[in-house]
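The primary structure of each chain is shown beneath.
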Amino acid sequence: MKIALVTPAPAGSTKGNRISANRYATLLRELGHTVHVSTEYDSRDADALVALHARRSGRSVQRFHRLHPERSIIVVLTGTDLYHDLPGNKTALRSLEIADRLVTLQPLGIEALPARYRKKAVSIIQSAEAFPETWAEDRAAAAERRKRTGRFRVLQLAHLRPVKDPFLIARATRFLREDSAVEIHHAGEALQPGSSERALRLMHTNPRYAWVGNCSHRSAKRRLAKSDLLVLSSKLEGGANVICEALAVEVPVVCSRIPGSVGLLGRDYPGYFPVGDAKALARLLVIASTDGIAYGRLERACRMLKKLVTPARERSHGRRLLRSCRVGRRTDQL
C-alpha cells in the first residue's frame, strides 16, 4: 500500500509530532508499505492518508478526500486536538467527520471525543525503544553516580512554550531545602519569544537549574537514561511520547495530573501533582530524592507499564488498524 503521512512539524524538528511521524513511517515500512512523509499532502497518488493533528493537518485531510473520496483516511489526534480545539474548531471537526479511523494515543482520549465519533476511534499507545547497546549501562551509571555523589538528577524534556509550563520545575526548586540533593537538567528548544533569555536568567540565579537547550532525539534519550527522574509539567498532552520513552528505559516519572498522562500511567499512579502547583511538585521531588521506598514504588510502577510501549505491541495494533481500512472501499467497522 502507498501511504501519504502528513505532520505539521517539518523535517529535522524535535517536536513530538515529527518524532511520532518518523516512528510511524518506520513502523509502516516494516509492515511492507511505501510511505511518503510531508508537512502537507501534495496531491501525489496514495492508497491511504495518515494525518497527525486534526486541525493543523485539516487542509490535507480535505484535499485527499476531495481527490480520492473512496480511499481511507486515518487521523491521529494530538493533545491540542482533544483538549483544546474540540469540540469548537470547525477544521478539526471536519477532519473527524471525513476520517475513516481516529487514533488516540491513550485510552482516555476516546472519552474526550464528541460521542458520535467514538465508534471509529481506537487507542494506540506510542512505542519507544531503548538503545540496547547503552541503556542498561546508562541506568547502572546513574545509580552509581547517585550513590557516589549523593546528587539526584531530575530531567525535564520539554520545549519552552506555555502549554508545557516549562519553568514550573524551576519555581518548584525554591521550595527545596538548601541541602537538597536535587539538580535539574532541562533540555528543550526555546519556541516562545523571550523564553531563552528567561532560562538563562534562571541559570544565573538558581544553581539547581541548568537549561541545556535543544538536543537531538538520540541525545535526549541518552540524557533520560542517565537521569534519576523525569518530570513532565504539561498543561495538556494527548499521550506524551516522553513518558513512553521513560517507561522504555525504566526511568521513574513525576507528572501533572492531566488526562493524557493518566491515560498512560493509570489513575492510581503515585507520581502525580496538580497542574501548575510548584509546591506539590517540590514535595514529590523531596520524596523521590530522600525516600528510597517511595522511589522504589515509582520504579516498580513504571517497570510494570513498560510492556505497553514495546514496538511489537504498537506494530500489532497498527497492522490491525490498517487491515480495517480497505483500499478503494471505505468501511465503518473496526
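To be clear, the structure that these remarks concern was listed above.
Note that the structure is a prediction, hence the values are computed from the model and not measured. Residue positions within a chain follow its written sequence, with the count starting from 1. With pLDDT at 70 or above as the cut-off, local features in this predicted model cover only qualifying residues; side-chain atom pairs require 80 or more to be listed or tallied, and sums for whole chains, interfaces and linings still use all residues. To obtain the side-chain values, all non-hydrogen atoms of the structure were included, while hydrogens and water were left out.

## Thoughts on the packing of aromatic side chains
- Aromatic contacts are taken between Phe, Tyr and Trp rings whose centres are within 6.5 Å, Trp giving its six-membered ring; a plane angle under 30 degrees counts as stacked, one over 60 as edge-to-face, and the others as tilted. Under the definition given, this model contains three aromatic pairs.
- Geometrically, the ring pair formed by Y41 and F64 is edge-to-face, given 5.2 Å between the ring centres and 70 degrees between the ring planes. Of the two residues, Y41 sits in the loop between β2 (34–38) and β3 (48–52) while F64 sits in helix α2 (residues 58–67), which places them 23 residues apart along the sequence.
- Relative accessible area decides the class of each residue, using a 1.4 Å probe on protein chains only: under 20% of the type maximum gives buried, over 50% gives exposed, and in between gives partly exposed. Overall, the relative accessible area of 2% leaves Y41 in the buried class.
- When its relative accessible area of 0% is taken as the criterion, F64 is described as buried. Going along the chain from the N terminus, every DSSP run of H or I of four or more residues is numbered as a helix, and every run of E of two or more is numbered as a strand.

## A few points about the nonpolar core
- Residues V154, Y209, L229, I243, V253, L265 and L281 are the most contacted members of the largest nonpolar core, which totals 63 residues.
- The element contributing the most residues to this core is helix α12 (residues 278–290), with seven residues.
- Contacts of I243, omitting those with residues within four sequence positions, involve L232, V253, C255, S261, L264 and L265.
- Residues V6, A46, A51 and L113 belong to the second largest nonpolar core, which totals 24 residues. For our purposes a nonpolar core is just a set of buried Ala, Val, Leu, Ile, Met, Phe, Trp, Tyr and Cys residues, chained together by side-chain atoms within 4.5 Å. The contact criterion used throughout is that any non-hydrogen atoms of two residues lie within 4.5 Å.

## Focus: the side chain of S234
- The topology assignment puts S234 in the loop between β10 (229–232) and α10 (241–248).
- S234 sits in the buried class, given a relative accessible area of 1%.
- Among the polar contacts made by the side chain of S234, one reaches the side chain of E237 at a distance of 2.6 Å.
- Residues contacting S234, with those up to four places away along its chain left out, are V163, K164, S256 and I258. Contacts described as polar in this section are N or O atom pairs within 3.5 Å, which, within protein, must combine one atom able to donate a hydrogen with one able to accept it, while residues neighboring in sequence count only if both atoms come from side chains.

## Describing the pattern of salt bridges
- We define a salt bridge as a side-chain nitrogen of Lys or Arg found within 4 Å of a carboxyl oxygen belonging to Asp or Glu. Counting across every chain of the model gives 20 salt bridges.
- Put simply, D85 and R55 hold a salt bridge, and the shortest N to O gap is 2.7 Å. Here the residue D85 occupies a position in helix α3 (residues 79–85), and R55 occupies one in the loop between β3 and α2, the gap between them amounting to 30 residues.
- On the basis of relative accessible area, D85 is assigned to the buried category, the value being 7%.
- Measuring nitrogen to oxygen at the nearest pair gives 3.5 Å for the salt bridge that ties E250 to R303. Here R303 lies in helix α13 (residues 292–305) and E250 lies in the loop between α10 and β11 (253–256), a separation of 53 residues in the sequence.
- Salt bridges linked by common partners bring K2, D45, E70 and R71 together as one network.

## Examining the sheet that holds strand β8 (residues 182–187)
- By definition, two strands form a pair when at least two bridges between them are found by DSSP. The strand order β9-β8-β7-β10-β11-β12 describes an open sheet built from six strands, whose pairing is parallel. This sheet does not close on itself; its edge strands, each paired only once, are β9 (209–213) and β12 (272–273).
- Two strands pair when backbone bridges link them, and β10 and β11 are joined in this way by three bridges, in the parallel orientation. Bridging from a neighbouring strand, V231 pairs with V254 of β11.
- Where helix α9 (residues 217–225) meets the sheet, it contacts β7 (152–157), β8, β9 and β10, and its direction lies at approximately 150 degrees from that of β7. Between the N-to-C directions of two axes lies an angle of 0 to 180 degrees, each axis being a line fitted to C-alpha atoms and, for a helix, fitted only over the stretch in contact.

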